[in-house]
Amino acid sequence: MKHYQMGGSIVRALDGLDLDIDAHTFTVVMGPSGSGKSTLLYLLGGLDRATAGEISIDGARLDEMDENALALFRRRTVGFVFQSFNLIPSMSALENVAFPMQFAGITSVQRNHQARNLLGQVGLSDRTDHRPTELSGGQQQRVAIARALVNNPSLILADEPTGNLDTSSGAAVMQLLSDLHNSGRTVLVVTHDPRMTRFATHKIYLLDGRSVSETEYQSAALESAQVS
Amino acid sequence: MKPLDLVRLIFGNLSRRKARVALTAIGVVIGTSAVVILVSLAIGLQRNANEQLYGIGDLTQIQVSPAYEMTEGMVVSVSVGGGVKDPGQPQPARLLTNSALDELRAIPGVESVIPREYLMTGVLIKYQKLEGGVGVIGVESDDLASLGLEAIEGGTELGRGVVVIGAMVPNNFYDPRIRPGQEPPPPPQLLGQQIQFIVSKYDEQGNEIRKNLSLRVTGVLKETRGESDWTVYFPLDQIKSLNEWSQGRRVNYNKEGYSQVVVKVQDVNQVLDISDQITQMGFQAFTPQSFVQGINNFYVILQFIFGGVGAIALLVAAIGIANTMAMSILERTREIGLMKAVGATNRDVLAIFLGEAAGIGFIGGLGGVIIGWLAGQGINVIALVYLANQAGQQGGPPPSVAVYTPIWLPLFALIFSTIIGMISGLYPALRAATMIPVLALKYE
Ligand SMILES: Nc1ncnc2c1ncn2[C@@H]1O[C@H](COP(=O)(O)OP(=O)(O)OP(=O)(O)O)[C@@H](O)[C@H]1O
Ligand SMILES: [Mg+2]
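Some thoughts on the side chain of Asp-175 of chain B
Residues and elements named next belong to chain B.
And step 1. The residue Asp-175 is located in the loop between β10 (173-174) and β11 (194-202) in this model.
And step 2. There is a polar contact of 3.0 Å between the side chain of Asp-175 and the backbone nitrogen of Arg-177.
And step 3. Here Asp-175 is in contact with Lys-129, Leu-130 and Pro-185, once residues within four sequence places are set aside.

Overview of the nonpolar core
And step 1. One finds Leu-47, Phe-80, Phe-82 and Leu-157 of chain A together with Ile-336, Met-339 and Phe-353 of chain B to be the most contacted residues of the largest nonpolar core, which totals 65 residues.
And step 2. Look past the residues within four positions of Leu-157 of chain A in its chain and what remains in contact with it is Leu-41, Leu-44, Gly-45, Val-78, Gly-79, Phe-80, Val-81 and Leu-188 of chain A.
And step 3. Counting residues in hydrophobic clusters, the runner-up holds 41 residues, among them Val-122, Ile-145, Val-173 and Val-187 of chain A.

Re the packing of helix α3 (residues 93-103) of chain A against helix α5 (residues 137-148) of chain A
Residues and elements named next belong to chain A.
And step 1. Two numbers describe how α3 lies on α5: the axes approach to 8 Å, and their chain directions differ by 30°. Classified by the interaxial angle, the pair formed by α3 and α5 is roughly parallel. Seen along the crossing, α3 lies across α5 with a hand that is right-handed. For the pair α3 and α5, the contacting residues are Ala-93, Asn-96, Val-97 and Pro-100 in the first and Val-143, Ala-146 and Arg-147 in the second.

A look at the packing of aromatic side chains
What characterises a pair of aromatic rings is the spacing of the ring centres plus the angle enclosed by the ring planes.
And step 1. Counted according to the given criterion, the structure contains nine aromatic pairs over all chains.
And step 2. On the basis of an interplanar angle of 75° and a centroid distance of 5.0 Å, the ring pair of Phe-298 of chain B and Tyr-299 of chain B is categorised as edge-to-face.
And step 3. Among the aromatic residues, ring-to-ring pairing joins Tyr-42, Phe-80 and Phe-82 of chain A into one connected group.
And step 4. For the cation-ring pair, Arg-47 of chain B lies above Tyr-404 of chain B, with the distance from its terminal atom to the ring centre recorded as 3.8 Å.
And step 5. Lying across the ring of Trp-245 of chain B, Lys-201 of chain B places its NZ or CZ 4.7 Å from the centre.

Considerations on the sheet that holds strand β8 (residues 186-190) of chain A
Residues and elements named next belong to chain A.
And step 1. Read from one edge of the open sheet, six strands run β6-β7-β8-β3-β9-β10, paired in mixed fashion. Edge positions in the sheet fall to β6 (78-81) and β10 (210-212), since each of these pairs with one other strand and no more. With direction set aside, neighbouring strand axes in the sheet form an average angle of 25°.
And step 2. Here strand β3 (residues 26-30) runs beside strand β9 (residues 202-207); their pairing, made up of four bridges, is parallel.

Quick notes on the site of ligand 1
And step 1. Near ligand 1 lie 16 residues; those nearest to it are Ser-33, Gly-34, Lys-37, Ser-38 and Thr-39 of chain A.
And step 2. Chain contributions to the surroundings of ligand 1 come from chains A and B.
And step 3. In the environment of ligand 1, an oxygen atom lies 2.9 Å from a nitrogen or oxygen atom belonging to the backbone of Gly-36 of chain A.
And step 4. Measuring from an oxygen atom of ligand 1, one finds a side-chain N or O atom of Glu-160 of chain A at 3.4 Å.
And step 5. Here ligand 1 loses 71% of its free accessible area of 640 Å² to cover by the protein chains.
And step 6. Every element with two or more residues in the shell around ligand 1 is listed here: β1 (2-6), β2 (9-14) and α1 (37-44) of chain A together with α11 (437-442) of chain B.
And step 7. Considering only residue class, the shell around ligand 1 consists of six nonpolar, seven polar and three charged.

Describing α5 of chain A
And step 1. Over its twelve residues, α5 of chain A extends 16 Å from the first C-alpha to the last, a length consistent with the 16 Å expected when each residue adds 1.5 Å.
And step 2. Counting buried positions over the twelve residues of α5 of chain A gives ten, a clear majority of the element.
And step 3. Close packing links the buried residues of α5 of chain A with β6, α3, α4 (108-121) and α6 (167-182) of chain A together with α8 (333-341) of chain B.

Some remarks on the interface of chain A and chain B
And step 1. Contact residues are listed per partner, giving 27 residues for chain A and 24 residues for chain B.
And step 2. Summed over both partners, the interface of chain A with chain B buries about 2200 Å², with 58% contributed by carbon and sulfur atoms.
And step 3. Per-residue buried area on chain A facing chain B is highest for Leu-47, Gln-102 and Phe-103 of chain A; these three make up 25% of the total on that side.
And step 4. Summed over the shared surface of chain A and chain B, the result is nine residue pairs in polar contact (both at pLDDT 80 or more).

What about the pairing of strand β12 (residues 208-221) of chain B?
Residues and elements named next belong to chain B.
And step 1. Two strands pair when backbone bridges link them, and strand β8 (residues 151-154) and β12 are joined in this way by three bridges, in the antiparallel orientation. Within the sheet, the bridge partner assigned to Ala-151 lies in β12 and is Leu-221.
And step 2. Sheet topology note: the strand β9 (residues 162-165)/β12 ladder contains four bridges and is parallel. For Val-163, the partnering residue across the bridge sits in β12 and is Val-217.
And step 3. Sheet topology places β11 next to β12; nine bridges connect them, and they run antiparallel. Its bridge partner being in β12, Lys-201 is matched across the sheet by Ile-209.

Things to note about the environment of Thr-287 of chain B
Residue and element names in this part refer to chain B.
And step 1. The topology assignment puts Thr-287 in the loop between β15 (283-286) and α7 (288-331).
And step 2. For Thr-287, a relative accessible area of 3% gives the class buried.
And step 3. In the structure, Thr-287 is positioned 223 residues away from Val-64 in sequence and 8.9 Å away in space, judged by C-alpha atoms.
And step 4. The residues touching Thr-287, leaving out its near neighbours within four places in the chain, are Gln-61, Ile-62, Val-271, Leu-272 and Ser-275.

Observations concerning a nonpolar patch on the surface
Residues and elements named next belong to chain B.
And step 1. The grouping of Val-7, Phe-11, Phe-362, Ile-363, Leu-366, Ile-370, Trp-373 and Leu-374 at the surface amounts to a nonpolar patch, some 690 Å² of accessible area in total.
And step 2. Counting residues per element, the ones that place at least two in the nonpolar patch are α1 (3-16) and α9 (346-394).
And step 3. Per element, the largest residue contribution to the nonpolar patch is six residues, and it comes from α9.
And step 4. Along the chain, the position of Ile-370 falls in helix α9.

Details of empty space enclosed by the protein
And step 1. For the structure on display, the rule yields two cavities of 30 Å³ or more.
And step 2. Each pocket or cavity is described by its volume, and for the largest cavity that value is around 110 Å³.
And step 3. What lines the largest cavity is a set of 15 residues, among which Val-78, Gly-79, Arg-147 and Ala-148 of chain A together with Val-342 of chain B lie closest to the centre.
And step 4. When residues of the lining of the largest cavity are traced back to their parent elements, those giving at least two are α2 (67-76), β6 and α5 of chain A together with α8 of chain B.
And step 5. Residue contributions to the lining of the largest cavity peak at three residues, all from β6 of chain A.
And step 6. Partitioning the lining of the largest cavity into residue classes produces ten nonpolar, two polar and three charged.
And step 7. Considered as a void within the structure, the second largest cavity measures approximately 60 Å³ in volume.
And step 8. For the lining of the second largest cavity, the elements supplying multiple residues, two or more each, are α2 (18-53), α7 and α9 of chain B.
And step 9. It is α7 of chain B that contributes the most residues to the lining of the second largest cavity, three residues altogether.
And step 10. Residue composition of the lining of the second largest cavity, by class: four nonpolar, two polar and three charged.

The rules we used
Residues numbered from 1 in each chain as written. Chains lettered and ligands numbered in written order. Predicted model: local features only at pLDDT ≥ 70, side-chain atom pairs only at ≥ 80, totals over all residues. Heavy atoms only, no water. Helix = DSSP H or I, 4+ residues; strand = E, 2+ residues; numbered from the N terminus. Polar contact = N/O pair within 3.5 Å; in protein donor to acceptor, adjacent residues only side chain to side chain. Contact = heavy atoms within 4.5 Å. Core = buried A, V, L, I, M, F, W, Y, C linked by side-chain atoms within 4.5 Å. Buried < 20%, exposed > 50% of the residue type's maximum accessible area, 1.4 Å probe, protein only. Axes fitted to C-alpha atoms, helices over the stretch in contact; angles between N-to-C directions. Parallel < 35°, antiparallel > 145°, perpendicular 65-115°, else oblique. Left-handed = near helix turned anticlockwise from the far one by under 90°. Phe/Tyr/Trp six-rings, centres within 6.5 Å; stacked < 30°, edge-to-face > 60°. Lys NZ or Arg CZ within 6 Å of the ring centre and 35° of its normal. Pairing = 2+ DSSP bridges. Near = heavy atom within 4 Å. Areas by Shrake-Rupley, 256 points an atom, 1.4 Å probe, with all protein chains shown as cover. Nonpolar A, V, L, I, M, F, W, Y, C, P; charged D, E, K, R; others polar. Expected span 1.5 Å × (residues − 1). Buried area = accessible area lost by both parts, 1.4 Å probe. Patch = residues over 30% accessible without salt bridge, like charges linked within 9 Å, V, L, I, M, F, W, Y side chains within 5 Å. Salt bridge = Lys/Arg side-chain N within 4 Å of Asp/Glu carboxyl O. 1 Å grid on protein atoms, 1.4 Å probe; cavity = no way out; pocket = protein on both sides within 12 Å on 5 of 7 lines; lining within 4 Å. Points joined across faces, edges and corners; volume = space filled by probe spheres on them.

Structure below.
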């Protein structure tokens with residue numbers, strides 16, 4: 001459960017949500033704007049704390065972790081991909097990818113080696129020295145995916161990774177995420193785009209902070225379409 | 001995070017915002033250079049004052065003589081050995097016997113203990129047709145260097161048949177047969193020359209008995225503006241035998257003690273302590289240091305005042321650093337969110353931003369130290385010309401420094417400005433470190 005205190009009123013971003021996500025699955029989270037998709041993802045990634053309730057990932061209780069343990073969890077277990085990429089503008093693609101490994105205390109030789117490898121995997125071997133501004137949106141997002149992989153996380157969380165991309169670069173990014181799933185990782189993707197669901201092994205539908213069935217979700221979507 | 005990675009990241013981040021970092025650091029440059037210049041000036045003034053005081057003697061030396069206790073019970077009586085004291089006569093409270101000298105040597109920090117003895121009888125010196133009068137001192141040492149004396153010509157070694165003379169001794173010669181109106185002769189060059197010493201005493205009938213010695217000058221001492229300038233130095237045993245001859249009795253230093261010893265101390269700062277200890281042992285101790293101490297205290301206070309003025313400028317700079325860091329953290333909120341998302345701990349974030357603030361302090365401090373030092377050198381060049389002119393008009397030696405920067409000062413200033421930077425960055429850095437990652441990431 002995640003509540004936001006807004007002045008006198010309380011926003012229930014997520015309420016009464018009870019989910020189990022199996023390891024090694026590719027789960028797509030769908031829902032209208034404001035339904036709590038991002039909130040869910042941030043809670044699962046340890047970037048935010050639930051107001052109440054339990055979150056456990058692979059047996060570890062996130063709600064019981066202190067700040068430091070949560071940071072270590074984010075470092076070792078989770079790889080994040082954001083809609084707006086969140087690359088550091090002053091750093092090259094290589095430096096952006098290598099950046100998180102500093103906090104893990106990896107030597108600079110190893111960092112560069114690993115970052116080069118990962119950029120190769122996302123098809124950007126020839127763009128290592130480019131700044132984010134010198135890359136297309138799709139390329140930036142691939143750099144961000146490479147960065148999410150540096151500490152070899154078992155869980156990949158992507159919040160509308162294709163939201164800022166055109167269809168073909170979006171498809172390439174989706175394909176990359178699917179490859180990650182196939183290599184044994186658990187992938188959770190928030191998206192508005194129904195075409196992305198073809199990679200999914202599981203789907204979650206959110207409405208007003210609650211998880212609903214596909215049929216319930218579809219009829220609600222139909223209703224809102226009729227209203228507008 | 002590895003320390004080296006941290007430093008690299010910090011300076012990388014600072015170099016991303018060169019203009020702003022430079023502008024902020026200028027405040028630190030001004031503050032640090034002010035501290036360096038002003039404190040250097042205070043130290044330079046102190047050195048000058050000490051140089052003027054130099055004539056009062058070597059500051060690492062303590063002159064020790066036997067203390068005479070007052071009669072009529074005014075002072076605690078210190079009894080040494082047995083023996084009946086002659087009431088009404090001042091008695092030495094403690095004699096400078098060889099065993100007492102060993103006690104002095106045993107005091108920690110004492111480098112050497114050197115007995116000295118004055119020639120107790122009249123002496124006339126002659127060189128060719130010139131005559132003069134001087135003080136004659138015997139020193140229990142084969143080298144006057146042990147008293148901190150330096151030769152300007154020849155050496156400082158003492159030996160049989162030779163003497164070392166003070167810088168002004170040649171100026172003390174005159175021609176007894178000079179006619180009025182005649183130019184006095186110039187001071188003679190005495191190094192390597194034989195000079196005659198005529199020592200005299202009177203027998204019971206009042207007849208003068210003379211003794212003639214011819215000795216070669218093997219060294220002329222550098223000017224100290226103290227006693228040594230007017231003194232001829234002999235080995236101690238020669239003075240002892242001359243004193244015995246003049247008094248007509250044997251002198252036993254073990255029983256009677258020496259009349260004076262010089263205690264040389266390793267470190268100027270220990271002089272007062274050791275001097276106190278010697279007084280407590282029952283001797284009289286004199287050191288020019290006690291006089292110098294008061295003057296030095298004044299200059300230490302001056303250093304603090306001057307340093308404080310510079311520190312105020314640094315304080316203003318500190319506000320600038322705090323402001324720059326607060327702005328920087330606002331601008332980089334999303335970057336902070338990202339750092340946390342990829343696994344930076346609160347401590348990592350704190351270290352990075354504290355490090356950046358300290359880095360600005362360090363860069364500014366480095367600039368300030370360099371500028372402060374250069375400015376000090378510039379002031380020296382200008383001031384010394386002026387002061388030398390003044391000294392030339394008023395007589396007396398010109399000062400050798402106006403502004404003096406000891407090596408600890410720039411080091412201290414650099415560390416201080418770095419710490420100031422770090423303290424200024426503390427609040428912004430703490431805010432950065434404790435940001436909730438999700439809010440930082442959403443920040444626009
Ligand atoms: N910091 C916040 N303070 C108050 N309310 C918030 C905060 N963050 C999110 N909310 C509210 O929580 C609810 C869920 O937000 P969330 O960002 O999870 O939606 P979303 O499903 O990701 O929407 P979108 O598809 O538009 O990204 C919304 O009603 C939003 O207004
Ligand atoms: Mg969202």
